[in-house]
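Structural characterization, general
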Amino acid sequence: MVSLILSILLALFFIALSYALGKRCISFFSLYPSSSSSLFSPYESFFFSTVLGVGLFGFLLFFLGLFYLFTLSFFVLLFSSLSILLYKDLISFFPNAVSALRAFFPQKNSSLVRICFFFLSLFVISNFFFSLTPEIQWDSLVYHLTQTKQYASHQGIVELSYDYHTYMPKQF
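Residues numbered from 1 in each chain as written. Predicted model: local features only at pLDDT ≥ 70, side-chain atom pairs only at ≥ 80, totals over all residues. Heavy atoms only, no water.

**Considering the confidence of the model for the protein**
Note that predicted coordinates carrying low pLDDT should not be read in detail. Per-residue confidence for the protein averages 81 on the pLDDT scale, and 84% of its residues sit at or above 70. Helix α3 (residues 72-85) holds the highest mean pLDDT among the elements of the protein, 92, whereas helix α7 (residues 138-154) holds the lowest, 76. (pLDDT = per-residue confidence, 0-100. Helix = DSSP H or I, 4+ residues; strand = E, 2+ residues; numbered from the N terminus.)

Here's what the structure looks like:
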């Protein structure tokens, strides 16, 4: 139970760090005007920043794998230094997440909208809990998790000649 709670907290930390990285990247390159502009709503910029941060982390992990830097100490150093550099954006994650989620809750809508929202919420929550269950499918156990185990044991992306899927990174 404790490992489950720690996994959920680590996932929340990763999403918050992804949001902070994406937000900082957007503001650095001035991809859209300031937050006072009405061009983007706050929840659009929240979700776009989070998705951009997840994509940047995917590319970062790919390049770290190419340079054989898959070590626990390097990840702790990387995430702690990013947390220190992006602490203002990390602090703003939770208020922005709450306001973005409030935009999706139906307030004075018809019963059809409420029923659709209920089933959508049920779908999202059930997928979240199903993602926490152990893997039992043959394909995932034999191929996908074995690749990850080999990458972790070699501390980087290595050639696995018996599996052609290892030449295709997941983010591409």
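Read on for the rest.
**Points about the pattern of salt bridges**
The full count for this structure, using the stated rule, is two salt bridges. One salt bridge in this structure joins Asp89 and Lys23, with 3.9 Å as the shortest N-O distance. One end of the pair, Asp89, is in helix α4 (residues 87-91); the other, Lys23, is in helix α1 (residues 2-29), and 66 residues separate them in sequence. The exposure class of Asp89 is buried, given its relative accessible area of 10%. Close ionic contact of Asp89 with Arg24 constitutes a salt bridge, the shortest N to O distance being 3.1 Å. Linking Asp89 in helix α4 with Arg24 in helix α1, this pair joins segments that are 65 residues apart in sequence. Overlapping salt bridges, with partners in common, bring together Lys23, Arg24 and Asp89 in one network. (Salt bridge = Lys/Arg side-chain N within 4 Å of Asp/Glu carboxyl O. Buried < 20%, exposed > 50% of the residue type's maximum accessible area, 1.4 Å probe, protein only.)

**Re the packing of α1 against α3**
For the pair α1 and α3, the least separation of the axes is 10 Å and the interaxial angle reads 55°. The angle between α1 and α3 places the two elements in the oblique class. Taken as a pair, α1 and α3 cross one another with a handedness that is left-handed. Together, Phe13, Leu17 and Arg24 of α1 and Phe79, Leu82, Ser83 and Leu85 of α3 make up the contact between the two elements. (Axes fitted to C-alpha atoms, helices over the stretch in contact; angles between N-to-C directions. Parallel < 35°, antiparallel > 145°, perpendicular 65-115°, else oblique. Left-handed = near helix turned anticlockwise from the far one by under 90°. Contact = heavy atoms within 4.5 Å.)

**Some points on α3**
The terminal C-alpha atoms of α3, which comprises 14 residues, lie 20 Å apart, in line with the 20 Å expected from a rise of 1.5 Å per residue. Of all the positions in α3, only Phe75, Leu78, Leu82 and Ser83 are classed as buried. For α3, the angular spread of the buried residues around the axis is 130°, confining them to a single face. Facing away from the buried side of α3, by more than 90 degrees, are the exposed residues Ser73, Val76, Leu77, Ile84 and Leu85. (Expected span 1.5 Å × (residues − 1). Arc of directions from axis to C-beta.)

**Points about the packing of aromatic side chains**
Any aromatic ring pair is given by two values, namely how distant the centres are and how the planes are angled relative to each other. Tallied over the full model, the rule gives 13 aromatic pairs. Measuring from centroid to centroid gives 5.2 Å for Phe14 and Phe57, while their planes differ by 45°, and the two rings are tilted. You can see Phe14 sitting in helix α1 and its partner Phe57 sitting in helix α2 (residues 42-66), a full 43 residues away along the chain. Classification of Phe14 by relative accessible area gives partly exposed; the value is 30%. Since its relative accessible area comes to 3%, Phe57 is described here as buried. Taking the centre distance of 4.9 Å and the plane angle of 80° together, the rings of Phe28 and Phe29 count as edge-to-face. By way of ring pairs, the aromatic residues Phe14, Phe57, Phe70, Phe75 and Phe79 are connected into one cluster. (Phe/Tyr/Trp six-rings, centres within 6.5 Å; stacked < 30°, edge-to-face > 60°.)

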